[in-house]
Amino acid sequence: MKKLSFNLFILVCVLFFTGCPQDSIFGCMNADACNYNPESNEDDGTCQVPLDNPIEVVFYDQQVVGSVGEELTAHIHVRNSSCENLILDASQSPVHPSKPFVAKFCLGDICYDWGTNDAAVTLTLESFEEGDYVQGYIQADEPGTYEMTYSLFDDENNTDVTVTFEVN
């Protein structure tokens, strides 16, 4: 009887300690992600999976409307969708200009004078850093539709964004 009680006691202890839920370790469980955590046992939805082209445009003003003589601004939000730092460069070019206008753009905190088409300084983005890093501006003296293409690139990748400016 003592042996049976002892065995029952051991069985209850084993069931008690092994039946308790493990502590959850939240993190990214996708081995392809930049922030993969092999210790995780519960996915927290924060995985940062890199893209083939790390220059990801997450939002941009497709159309900007304004008045003659007014400075119109388009915002382009970019994310570095890679596990490494990204050195971003940019340029702008008009699409089939039919009427004269002046344009400028900003890359990060540096803005380039009216009529400048290429950035002189690059912008470094950390892995999965995201923000409103490119702004395009035009000013037209005549009503019409004006289009500008903004090229965002590094040594290996290129992403183009075309913005339509409607001037009334």
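Residues numbered from 1 in each chain as written. Predicted model: local features only at pLDDT ≥ 70, side-chain atom pairs only at ≥ 80, totals over all residues. Heavy atoms only, no water.

### What about the sheet that holds strand β11 (residues 144-153)?
If you trace the 5 strands from one edge of the open sheet to the other, you get β4-β12-β11-β6-β9, paired in mixed fashion. Both edges of this open sheet fall to β4 (63-66) and β9 (123-125), since each of them pairs with a single strand only. Across the sheet, the mean angle separating the axes of adjacent strands is 30° when strand polarity is ignored. (Pairing = 2+ DSSP bridges. Helix = DSSP H or I, 4+ residues; strand = E, 2+ residues; numbered from the N terminus. Axes fitted to C-alpha atoms, helices over the stretch in contact; angles between N-to-C directions.)

### With respect to the pairing of strand β5 (residues 72-80)
Across the two faces of β5 the burial differs, with L72, A74, I76, V78 and N80 buried and T73, H75, H77 and R79 not buried at all. As paired elements, strand β3 (residues 55-60) and β5 share 5 bridges and run antiparallel to each other. Directly across from Y60, in β5, lies its bridge partner I76. Pairing of β5 with strand β10 (residues 130-140), which is carried by 8 bridges, proceeds in the antiparallel orientation. (Buried < 20%, exposed > 50% of the residue type's maximum accessible area, 1.4 Å probe, protein only.)

Honestly, it's all geometry; don't read function into it.
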